[in-house]
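Now for the letters of each chain:
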Amino acid sequence: MRMTGASPLHGKPQDGIVVDWGDVRIMSLTKNTMQLAVLRDPVLSNDGAAMLTFNFISKEYKESLDQGGSESGPAK
């Protein structure tokens, strides 16, 4: 997927190791979750090429976890 004029929500440490934030791959997409990945530059990262994957969940899914509505959610 090509993003123009935008980039996936990410942390400051990733700013200097990705060359093209517009070149995004959709790794998975469901009703409640989305995983987007970008390529880590091997030269800028000094750590080899790799896909950096960013995980997103829907607001409704997060609220159901907060309320204990999912058996597969994290233990509290």
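Here, the structure is the one placed above.
What counts and how
Residues numbered from 1 in each chain as written. Predicted model: local features only at pLDDT ≥ 70, side-chain atom pairs only at ≥ 80, totals over all residues. Heavy atoms only, no water. Helix = DSSP H or I, 4+ residues; strand = E, 2+ residues; numbered from the N terminus. Buried < 20%, exposed > 50% of the residue type's maximum accessible area, 1.4 Å probe, protein only. Pairing = 2+ DSSP bridges. Salt bridge = Lys/Arg side-chain N within 4 Å of Asp/Glu carboxyl O. Core = buried A, V, L, I, M, F, W, Y, C linked by side-chain atoms within 4.5 Å. Contact = heavy atoms within 4.5 Å.

Let us look at unusual backbone geometry. Notably, N46 is not glycine yet its phi reads approximately 55°, a positive angle. Tracing the chain through its elements places N46 in the loop between α1 (42–45) and β3 (50–57). The exposure class of N46 is exposed, given its relative accessible area of 70%.

Moving on, we come to the pairing of strand β2 (residues 33–40). Note: strand β1 (residues 25–29) against β2, 4 bridges, orientation antiparallel. The partner of I26 across the bridge, within β2, is L36. Linking two consecutive strands that pair antiparallel, namely β1 and β2, is a turn of 3 residues.

Structurally, G22 is set in the segment before β1. In this structure the C-alpha to C-alpha distance between G22 and T4, which are 18 residues apart in sequence, comes to 6.1 Å.

Should the charged atoms of two oppositely charged side chains come close, the side chains can pair. Tallying each qualifying case throughout the model produces 3 salt bridges. R40 is paired through a salt bridge with D47; the nearest N and O atoms lie 3.5 Å apart. Residue classification places R40 among the buried residues on the basis of a relative accessible area of 15%. Since its relative accessible area comes to 53%, D47 is described here as exposed. A salt bridge links K62 to D66; its shortest N-O distance comes to 2.7 Å. Taken as a pair, K62 and D66 lie in helix α2 (residues 59–66) at a separation of 4 residues, close to a single helical turn. When its relative accessible area of 44% is taken as the criterion, D66 is described as partly exposed.

Before going further, it helps to examine the nonpolar core. The nonpolar side chains of soluble globular proteins are, as a tendency, buried together. Counting residues in each nonpolar core, the largest one holds 8 residues, listed as I17, V18, W21, V24, L36, V38, L52 and F54. Looking at this core, the elements that each hand over two or more residues are β2 and β3. The contact partners of L36, leaving out residues within four places of it in the chain, are M1, P8, V24, R25, I26, M27, L52, T53, F54 and F56.

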